[in-house]
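Structural characterization, general
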Amino acid sequence: MPEKPSAVFLDTATVGPGVDMSAIEELLDIEYYEWTDKQDVAQRIANCEIVIVNKTRIDRAAIEAAKRVKLIVLTATGTDNVDSRAAQAASVGVANTRDYCNTSVVQHVFGLILGLTQHTHRYDALVSSGAWQRSNTFALFDYPIRELAGCNLGVVGYGSLGQSVAELGRCLGMNLLISARPGATDIPQGRLPFGQVLRQSDVLTLHCPLTEHTHHLLGAEAFSVMKRDAILINTARGGLVDGAALVKALETGEIAGAGIDVLATEPPNADDPILGTTLPNLIVTP
């Protein structure tokens, strides 16, 4: 039997409990860590050929010090936590996971959309407070419910996830607005300029990677041109959205609501502006 390549998985805790690693173990001589702090990365990858990682950041210094590493594999779609330029310079391959959790992510996107348009959590709180029992109209109408049919669903990032979200939106009778790459001047057929998608979307959902060009793609300027009853959904990368600008837009009514599943830093910093508010039109999930 040929010797298995040496490998390390730096943050198994981030993929959740009960994941079957047997297929990996058939191929690799692997060592597991539930979590790896920044100061321990270089030491833990120093003597292996393959690094498996989800959230832990692998910077230039760690890559340059790891002379045996040939491949860094991410158990997610994004690669922004790995210094790809340093990896390329060191002839280290970087591979992400494609078609990742499409069904789960699509469900979560629409769970957030429905939470913000049907106000289920707010109505549940009203019922728990006894408001329904006291109602003379046999119902409660405190929060207006929006039907999705006929609404414009703007999709930024039209890869596998974006296409799957669009497919379900189409089934619900939503009009699709598929954004071209932000800043693009040559607009492919079937796409719309990013600015037009911003202005016309009733629901805007992000599925693009975080790069130097998409960092804070949604900031004060973007929120100022969106519809006042628009909803933003971000299940992609926290850095796509300027958190402080989002909170201000929600507080001032520039947009109607937001469903956020990702933050700029994870685990979150205590001073993250999105976590420093209790706005009723903001849903944050971990």
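Scoring rules and cut-offs
- Residues numbered from 1 in each chain as written.
- Predicted model: local features only at pLDDT ≥ 70, side-chain atom pairs only at ≥ 80, totals over all residues.
- Heavy atoms only, no water.
- Buried < 20%, exposed > 50% of the residue type's maximum accessible area, 1.4 Å probe, protein only.
- Helix = DSSP H or I, 4+ residues; strand = E, 2+ residues; numbered from the N terminus.
- Pairing = 2+ DSSP bridges.
- Right-handed = clockwise from strand over helix to strand, strands pointing away.
- Axes fitted to C-alpha atoms, helices over the stretch in contact; angles between N-to-C directions.
- Salt bridge = Lys/Arg side-chain N within 4 Å of Asp/Glu carboxyl O.
- Expected span 1.5 Å × (residues − 1).
- Contact = heavy atoms within 4.5 Å.

Some words on the pairing of strand S10 (residues 257-260)
Burial along S10 is two-sided: the face carrying Gly257 and Gly259 and the face carrying Ala258 and Ile260 are both buried. In this structure, strand S9 (residues 231-234) lies alongside S10, joined through 4 bridges in parallel fashion. For Ile231, the partnering residue across the bridge sits in S10 and is Gly257. With helix H11 (residues 243-252) bridging S9 and its parallel neighbour S10, the resulting β-α-β unit is right-handed.

Thoughts on the sheet that holds strand S3 (residues 50-53)
The 5 strands lie next to each other as S2-S1-S3-S4-S5, forming an open sheet whose pairing is parallel. Looking at the sheet topology across the chains shown, the edges are occupied by strand S2 (29-32) and strand S5 (93-95). Within this sheet the neighbouring strands show an average axis-to-axis angle of 20 degrees, counted without direction. Sheet topology note: the strand S1 (residues 6-9)/S3 ladder contains 3 bridges and is parallel.

Structural notes on the pattern of salt bridges
Counted according to the given criterion, the structure contains 9 salt bridges. Here Glu266 makes a salt bridge to Lys55, at a shortest N to O gap of 3.0 Å. Within this pair, whereas Glu266 is found in the loop between S10 and strand S11 (282-284), its partner Lys55 is found in the loop between S3 and helix H3 (60-65), the two being separated by 211 residues in sequence. Assessed through its relative accessible area of 31%, Glu266 is described here as partly exposed. A salt bridge links Glu64 to Arg60; the shortest N-O distance between them is 3.4 Å. Note that Glu64 and Arg60 are positioned in helix H3 at a spacing of 4 residues, about one turn of the helix. The exposure class assigned to Glu64 is partly exposed, which follows from its relative accessible area of 41%.

Some remarks on helix H5 (residues 102-118)
Over its 17 residues, H5 runs 24 Å from end to end, which matches the ideal 24 Å to within 8%, given 1.5 Å per residue. Among the residues trailing H5, His119 stands out with phi positive, at a value near 55 degrees.

Side note on the sheet that holds S10
Within the open sheet, the 6 strands sit side by side as S7-S6-S8-S9-S10-S11. Their pairing is parallel. Each edge of the open sheet is held by one strand with a lone partner, namely strand S7 (175-178) and S11. On average, each strand axis in the sheet is inclined to that of its neighbour by 15 degrees, with strand direction left out of account. Across 4 bridges, the pairing between strand S8 (residues 203-206) and S9 is parallel. Residue pairing across strands places Val203 opposite Ile231, the latter belonging to S9. Against the sheet, H5 contacts strand S6 (152-156), S8, S9, S10 and S11, and its axis sits at roughly 155 degrees relative to S9. On top of the sheet, helix H8 (residues 160-171) reaches S6, S7 and S8; it is set at about 175 degrees to S6, its chief contact.

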